[in-house]
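# Breakdown of the fold
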Amino acid sequence: MKTVTALAEHLSNARTFKEKYPLFDERDNKIHVLFLSPCLNESGYYRMILPALELNKTNTHCAILAHIHKWDFHKLFDDYDNPVSLQLVHWADYVVLPTMFSDAEYIVRSMRAVNPDIEFVMDLDANYHALPDQHPMSKSLSAAAKATLLKNLSLMDLVTAPNMNILHYYISLARNSPKMFKFTPEYYGNLVSNFTYEDVPEVFRNTGVKIRIGILMERFLPEDLQTIEAPLRKVIAAHKDAVELVIYGWNEKMRARDKLLEGIDVSYRQIVNTTAFPKCVNELAIDIGLIPFADNLYNRSGRVFNRFLDFSGVMVPCIMPGVIPFSKFIRDGENGFLANTPEDWENKLTQLITDAELRNNIGKAAFQFVWETYSYVNPRAIKRLQEVFA
């Protein structure tokens, strides 16, 4: 992600407005989209940074990122300093805000005083009203904060999300609320891009003796891993000399806390920053990817789909639950494996362990599928962004 890294550094170091925003032009006859200061994390990358970069490839739109914040897990958007130049407010046709849990009325009111024609967009990257109890934000996100989020949605002209499950949920909340909601719901997905893999010149293959089974745990909770613990334990016991388990975003302390996979040898990989993540996944040289998650409302509208993108982008064949979102697009046994029962997980993992040709074929099919269907290489993806910000 050389381009993203360079852009973040540029926005932090540029001293003058002209130097900071070289694309600024009030007379370019384009539609102007101002993305208001995303963090350099997964949500910021997929929902704002990448769409801005891709819109700027078109001759119809110009997108500017006001700033890119270094991510702090303990902070929400509201906790960062987010000054916006009046020049950008005059320039913008759309202002895109991340999910906000403090009152956004002051932003809307002050910007509309400068530019009455501006349209406000809030992006919902997850279903924050359905956080599982084990989610790190579940205790800190109060009922009052969730109510404020709904109030903020009532101020928006558009509300965007990476999937229709999130939009349908918040449309339902809006309909049952006494507040007046005027927003138009719009969908644009999380997609891969050539920007994502700038630092990945080639796909790494495992050259070791053991088959590497990988789980990307950063966005999963212990209850997700628990759904496959029994079949995973059985398969590893049956093939203990032929496989090794690699888990990204977990460690021995977490394992002891969660009381999971006790007695199983695990190789850990600590979390890296977002810009280094695609390269990290590639260098893990995983042979088989597992995407475990508990079938709950949050996961069905959460970020689990991104894990499929992560693995497929480097040709890793995956096994995942046979529920939404995966049941909509996975052709079982062709571009991935769907598992509905513990026996499914056990049997399909065993198939991939014992059949190298099958691993290779499914990995290649998943790679092709993602780049043809869920990437900005597909012209329909760019068109969708142009339709949202029309």
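Scroll up for the structure.
Below is a short write-up of the structure. (Residues numbered from 1 in each chain as written. Predicted model: local features only at pLDDT ≥ 70, side-chain atom pairs only at ≥ 80, totals over all residues. Heavy atoms only, no water.)

A separate point is the overall build of the chain. Along the backbone of the chain there are 16 helices and 12 strands. Along the first, second and third principal axes, the C-alpha atoms of the chain reach 70 × 45 × 35 Å. In the chain, 76% of the contacts between residues at least 6 apart in sequence involve partners at least 24 apart. Surface exposure of the chain reaches about 17,700 Å², of which carbon and sulfur atoms provide 50%. Side-chain charges in the chain split into 42 positive and 47 negative, and the spacing between the mean points of these groups amounts to 2 Å. (Helix = DSSP H or I, 4+ residues; strand = E, 2+ residues; numbered from the N terminus. Contact = heavy atoms within 4.5 Å. Areas by Shrake-Rupley, 256 points an atom, 1.4 Å probe, with all protein chains shown as cover. Lys, Arg positive; Asp, Glu negative; His and termini not counted. Charge placed at Lys NZ, Arg CZ, Asp CG, Glu CD.)

Our focus in this paragraph is the sheet that holds strand β9 (residues 266-269). Read across the sheet, 6 strands follow the order β9-β8-β7-β10-β11-β12 without closing on themselves; strand pairing throughout is parallel. If you trace the sheet from one side to the other, it starts and ends with β9 and β12 (337-339), each paired once. Mean inter-strand twist for the sheet, computed between neighbouring axes without regard to direction, equals 25 degrees. As paired strands, strand β8 (residues 243-248) and β9 are joined by 4 bridges and run parallel to one another. (Pairing = 2+ DSSP bridges. Axes fitted to C-alpha atoms, helices over the stretch in contact; angles between N-to-C directions.)

The next point concerns the packing of helix α1 (residues 2-13) against helix α3 (residues 42-55). Packing of α1 against α3 leaves a shortest axis separation of 11 Å and a crossing angle of 95 degrees. Accordingly, the angle class assigned to the pair α1 and α3 is roughly perpendicular. Each of T3, V4 and L7 in α1 lies in contact with α3, whose residues at this interface are Y45, I49 and L53. Looking at side-chain class alone, the contact of α1 with α3 contains 5 nonpolar, 1 polar and no charged residues. (Parallel < 35°, antiparallel > 145°, perpendicular 65-115°, else oblique. Nonpolar A, V, L, I, M, F, W, Y, C, P; charged D, E, K, R; others polar.)

As a further point, take the packing of helix α9 (residues 229-238) against helix α14 (residues 342-354). Geometry of a packed helix pair, given as the angle between the helix axes and the separation of the axes. Packing of α9 against α14 brings their axes to within 8 Å, and their N-to-C directions diverge by 35 degrees. For the pair α9 and α14, the crossing hand works out as right-handed. Where α9 approaches α14, its residues P231, L232, K234 and V235 are matched on the opposing element by P342, W345, E346, L349, T350 and I353. Classifying every residue of the contact of α9 with α14 gives 7 nonpolar, 1 polar and 2 charged. (Left-handed = near helix turned anticlockwise from the far one by under 90°.)

Of all hydrophobic cores here, the largest spans 107 residues; its most connected members are F35, L153, F308, F326 and F389. Here this core takes 8 residues from α3, the largest share from any one element. The residues touching F35, leaving out its near neighbours within four places in the chain, are R47, M48, P51, A52, L55, A63, I64, L65, A66, V96, Y188 and F389. (Core = buried A, V, L, I, M, F, W, Y, C linked by side-chain atoms within 4.5 Å. Buried < 20%, exposed > 50% of the residue type's maximum accessible area, 1.4 Å probe, protein only.)

Spanning 12 residues, α1 covers 16 Å between terminal C-alpha atoms, matching the ideal 16 Å at 1.5 Å per step. Those residues of α1 that fall on the buried side of the exposure criterion are V4, A8 and L11. With its buried residues spanning 70 degrees around the axis, α1 presents them on a single face. In α1, those exposed residues whose orientation departs by more than 90 degrees from the buried face are K2 and N13. (Expected span 1.5 Å × (residues − 1). Arc of directions from axis to C-beta.)

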